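Spelled out from the first residue to the last, the chains are:
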Amino acid sequence: MATIRRDLSELTPYKPGASIPGALKLASNESPFGLLPGVAEVLDASTESLNIYPDNSGAALKEALGAKFGLAPENIALGNGSVTLCQQVIQAFCERDQSIAFGWRSFEAYPVLARAVGVGTITVPNTADHRQDTRALAAAINAKPEQIGAVFLCTPNNPTGTTITREEILEFLEVIPENILVVLDEAYREFARDDSPDGTEFLRDEQGEFRSNVVVLRTFSKAYGLAALRVGYALGHREIIAALNAVQVPFSVNSLALAAATSSLSQEQEASARIDTITAERERVLQELTALDLPVVPSQANFLWLALGEQSQAFDDFLRSKMIIARCFADSGVRVTVSLPEHNDLFLEAARQWAKR
Ligand SMILES: *Cc1c(COP(=O)(O)O)cnc(C)c1O
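So, here's what we can say about the structure. (Residues numbered from 1 in each chain as written. Predicted model: local features only at pLDDT ≥ 70, side-chain atom pairs only at ≥ 80, totals over all residues. Heavy atoms only, no water.)

### Re the site of the ligand
- Among the 13 residues in the neighbourhood of the ligand, the closest are listed as Tyr188, Thr219, Ser221, Lys222 and Arg230.
- Tyrosine 188 is positioned with one of its side-chain polar atoms (N or O) 2.6 Å from an oxygen atom of the ligand.
- In this structure, lysine 222 approaches the ligand through a side-chain N or O atom, which is 3.2 Å from an oxygen atom.
- Protein chains bury 94% of the 390 Å² of accessible surface belonging to the ligand in isolation.
- Per-class residue counts for the shell around the ligand are five nonpolar, five polar and three charged. (Near = heavy atom within 4 Å. Polar contact = N/O pair within 3.5 Å; in protein donor to acceptor, adjacent residues only side chain to side chain. Areas by Shrake-Rupley, 256 points an atom, 1.4 Å probe, with all protein chains shown as cover. Nonpolar A, V, L, I, M, F, W, Y, C, P; charged D, E, K, R; others polar.)

Right, here's the structure in full:
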């Protein structure tokens, strides 16, 4: 038997949302919509060149993203889903004896990705209202700055749906050392309707210069409904982008993903109409759950967090018995994806039965 790296036995692999045939899956924050108009045709045409390696520079997609955000291609990195970009961040910005810092709860993948490359984790509990405590996080970082390579701020936060304010982010950037990379993980930004800032506003400082320690991560998996194709992007200072590209596995963004993402960006009107459907549904489901006295947290993402604590597993089991799959975080809460009205109605009916039981 080949010797497996010793610390791998301590690693709990990332657990994807469950799938059960015939059940309603509200576990992975996927889009309930099909491809945007025209994308299927573009994918179809792309099948003619699947014998050719993809464009490793992703020039066409970077051009479309550059036009959307007013950025040059050198300020954009593409990744095999933004989870892979999270991994590239850790590989490029953390030494082996260093750690990443983040609030908890946040994205389940952060600790897994860190441990996979022998990097540690430093976490700070969220506030009582399920928000990331940026002051406590800054204090934890400043207590041992040399031990930290990067900090992940997930906003809207998965799984609580809460956002970080402009003042909080500016203060955070002010007080932590400039040599620590601040990652704004905005996988759900398109669904935000509060006055929280768009992370891209922090890419540059007051003088209009790129900040040398801020990177924004986004994805086509959620709002654009391309989860299966695996494509995300990073925006930031060209040296940060160059470092991310330096650790990228060659050709890891495939040509179908590049073509579909580029084509999806030309359908902004339909994309935003679909997002509006989800955000309207989110508010409806929130109100109904609140009326049932369930501990639901207002959300800026395409999911809702029910802070059920010890009752989480029982609620999740109850949903399962109704053929609805949510995402349970034992003793903490249950995350439920907001979907089409008829799907949300099925979930709400189950929630009503649970509340009455
Ligand atoms: C879904 C998600 C991502 C990105 O997923 P990809 O499919 O890899 O692009 C990144 N961060 C958070 C917090 C997410 O929930």
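### Focus: the sheet that holds strand β12 (residues 327-329)
- The four strands lie next to each other as β9-β10-β13-β12, forming an open sheet whose pairing is antiparallel. Each edge of the open sheet carries a strand with a single partner, namely β9 (296-297) and β12.
- Those strands touched by helix α10 (residues 312-321) are β10 (303-306), β12 and β13 (333-337), and its axis lies near 160° from that of β12. (Pairing = 2+ DSSP bridges. Helix = DSSP H or I, 4+ residues; strand = E, 2+ residues; numbered from the N terminus. Contact = heavy atoms within 4.5 Å. Axes fitted to C-alpha atoms, helices over the stretch in contact; angles between N-to-C directions.)

### Overview of unusual backbone geometry
- With an omega dihedral of 10°, the bond running from tryptophan 104 to arginine 105 counts as a cis peptide bond.
- Among the secondary structure elements, arginine 105 is positioned in the loop between β3 (99-104) and α4 (109-116).
- Cis geometry is found at the peptide bond from threonine 155 to proline 156, where omega equals -5°.

### A word on the environment of glycine 199
- On the secondary structure map, glycine 199 appears in the loop between β6 (181-185) and β7 (214-219).
- With 44 residues separating them in the primary sequence, glycine 199 and threonine 155 have C-alpha atoms 8.6 Å apart.

### Looking at the sheet that holds β3
- Across the sheet, which stays open at both edges, the seven strands sit in the order β2-β8-β7-β6-β5-β3-β4 with mixed pairing between neighbours. Here the strands that pair on one side only, and so sit at the sheet edges, are β2 (76-79) and β4 (120-125). Within this sheet the neighbouring strands show an average axis-to-axis angle of 25°, counted without direction.
- In this sheet, β6 lies alongside strand β5 (residues 148-154) in parallel orientation, the contact comprising five bridges. Bridged to leucine 153 within β6 is leucine 184.
- Seen against the sheet, helix α2 (residues 59-69) touches β2, β7 and β8 (232-236) and runs at an angle of roughly 130° to β2.

Read these as spatial facts, not as claims about activity.
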